[in-house]
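Chains, contacts and geometry: an overview
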Amino acid sequence: MKSSPAEPMNAGPAPAASGDAPAAVAAPWGGPPLRSTLRFLAVPALLVVAMNLFGWRLEPWALHGFAAIYGTVLLVHSLRDPEWLLAIVVLYLPLSRVYVAKVAPGLNGTNILIVLLLIAWTARVIAERRPYFRQMPGAGPVRWWAALSILSIVTAGFTLGFFRIVDGLQEIKLWIDQFILFFAVLNLIRDGAMARRVMVYMMLGAVVVLALGFQEWTEKRYLETIERARLLGPQMQPNDFGAFLVYSSGTAIALFAGNLTRLRSWLLVPYFLLLARILLATFSRGAYIGMGVAGVAAAFVRGKLFLAVMGGMAVTVLFVYPELLPDSMRDRLGLATSQQLAVEESLDTSSQTRLVLWQAAIEMTKESPLFGKGFKTFPFLKARYTEYDVEESDNHNMFLYISSQMGIPALVAFLLVFYRAFRMGTHVYRSAPDVFGRSIGMGAAAMVAGAIAVNMFGSRMTDMATMAYVWFHIAVVSHLYAEAQAPKTQPTGPTA
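Residues numbered from 1 in each chain as written. Predicted model: local features only at pLDDT ≥ 70, side-chain atom pairs only at ≥ 80, totals over all residues. Heavy atoms only, no water.

**Let's talk about the pattern of salt bridges**
A pair can form between side chains of opposite charge whenever their charged atoms are brought close. Within this structure, the stated rule accounts for 15 salt bridges. Between D81 and R190 there is a salt bridge, and its shortest N-O distance comes to 3.2 Å. Here R190 lies in the loop between α7 (169–188) and α8 (192–220) and D81 lies in the loop between α2 (60–78) and α3 (83–92), a separation of 109 residues in the sequence. By relative accessible area, which is 19% here, D81 ends up buried. Residue R228 is joined to E224 by a salt bridge in which the shortest nitrogen-to-oxygen separation is 2.8 Å. (Salt bridge = Lys/Arg side-chain N within 4 Å of Asp/Glu carboxyl O. Helix = DSSP H or I, 4+ residues; strand = E, 2+ residues; numbered from the N terminus. Buried < 20%, exposed > 50% of the residue type's maximum accessible area, 1.4 Å probe, protein only.)

**A word on the packing of aromatic side chains**
Applying the stated criterion across every chain yields a total of 24 aromatic pairs. Ring geometry for W29 and F436: centres 5.0 Å apart, planes at 25 degrees, overall stacked. With W29 in the segment before α1 (31–54) and F436 in helix α20 (residues 435–454), the pair connects residues that are 407 residues apart, well separated along the chain. Note on W29: relative accessible area 22%, which makes it partly exposed. A relative accessible area of 12% means that F436 is categorised as buried. Seen in terms of ring centroids, F133 and F183 are 5.5 Å apart; in terms of plane orientation they differ by 80 degrees. Their pairing is edge-to-face. Here F133, found in the loop between α4 (109–128) and α5 (139–160), pairs with F183, found in helix α7; they are 50 residues apart in sequence, far enough to count as distant. Accessibility expressed as a relative area gives 42% for F133, which makes it partly exposed. Take F183: its relative accessible area is 7%, and that puts it in the buried class. The lysine or arginine in question, R420, covers the ring of Y481, its NZ or CZ lying 5.1 Å from the ring centre. (Phe/Tyr/Trp six-rings, centres within 6.5 Å; stacked < 30°, edge-to-face > 60°. Lys NZ or Arg CZ within 6 Å of the ring centre and 35° of its normal.)

**Quick look at the environment of V90**
With respect to the helices, strands and loops of the structure, V90 is situated in helix α3. Spatially, the C-alpha atoms of V90 and G205 are 6.9 Å apart, while their sequence positions differ by 115 residues. Discounting chain neighbours no more than four positions away, the residues touching V90 are V198, Y201, M202, Y469 and F472. (Contact = heavy atoms within 4.5 Å.)

**Let's talk about the nonpolar core**
With 123 residues, the main nonpolar core has W145, I402, M461, W471, F472 and I474 as its most contacted residues. Per-element accounting of this core gives the leading share, 13 residues, to helix α21 (residues 464–485). (Core = buried A, V, L, I, M, F, W, Y, C linked by side-chain atoms within 4.5 Å.)

Written as structure tokens, this is what we have:
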């Protein structure tokens, strides 16, 4: 007889009382839809592998021809079923800086996929005779965040002159893209079953990015300085790469932390060891802290007793064996020995610069608390508020980035997005009827906590290649939350 899954410590769903409605049962979510999508994804993947293994070099016309045929098939299929398109978007966006796929001026891979998403979204609206924007949990705070952040574009016009808006149209377009992508994905996911499959594609994308990071690490691991050895990743920037690793690891952390008694969960240990190695090689203090906070959040959601036990074990081990902390982490956290003073001095300079920029952003917020100074105005105005000239134009704190340029109401809306996502995640963890659904819920809570920590040390919610998985995870957990709120006697989704 198959044993029932172990319930989480102090956090599992309570058994139904006598007379209650029967507990919901998760609809089958794998099967033909998942296999069909994976086969479609395998076509370009096998082509890339073959080109690398056998040294094939296809002519541009051949590559463009393949892309045209593949894209046409994708478009036609997306008019009746958007899942292939969603999987392509999930896998491509983290790689969009490396594989730009520029077809013409202003037309690249990201823009093409956004257009395809809008076409598929419209097709589903017409076919299902429903509004463009379904009423989904967690969408309200995102709408407010989108509206208030876009309003800051007008504020920037008053601050710097409206000619600056014309000059910055590309940056404005890139900022708006995140909201188009979120609402398109939110409205194209049909149900909880499809949401689970989208998370599978996200986990596959995380593995691809990690593999590229490992390839880069093998080339840089013997370089003698931190700056030369830092991994850039597909995000082409070490702190952004570290942030992406934090954002994309929530569900994997949850699968392990929530299922320690299951032997299969321990198969993730090699993945975590590789993840730790690559994360350390980014030399990103914010990412180190973010990943730690994500792990603590996952333990907290599972149960306070579990958190206390695991935290006590970790502190004890590090107290007894402090050498377990890698040198790279001690360097970046300022715990280096006296023989590493040069590194410490460099870190102190970096930290001091951030403090100066934070203070400048605080002063800007005090002057314009309601609307801020306007979208992307910090680089132009920072010299008025810094104690001395600072070359860097980013204030290294997403929350001050928002308050200084978009105002405190926009910051509140942004924090509400995360708060709502955390609450949905914890609810899904406690109510989802299947292990994977609960893991996605715990993973959302872990992702939110990690994202808040990461963004205390950098503006890591401004680039799609870095932040896309945050929005996708929120869209996925929104559907699982809606599934959990549905009447218990009704099916939770179509049979896969």
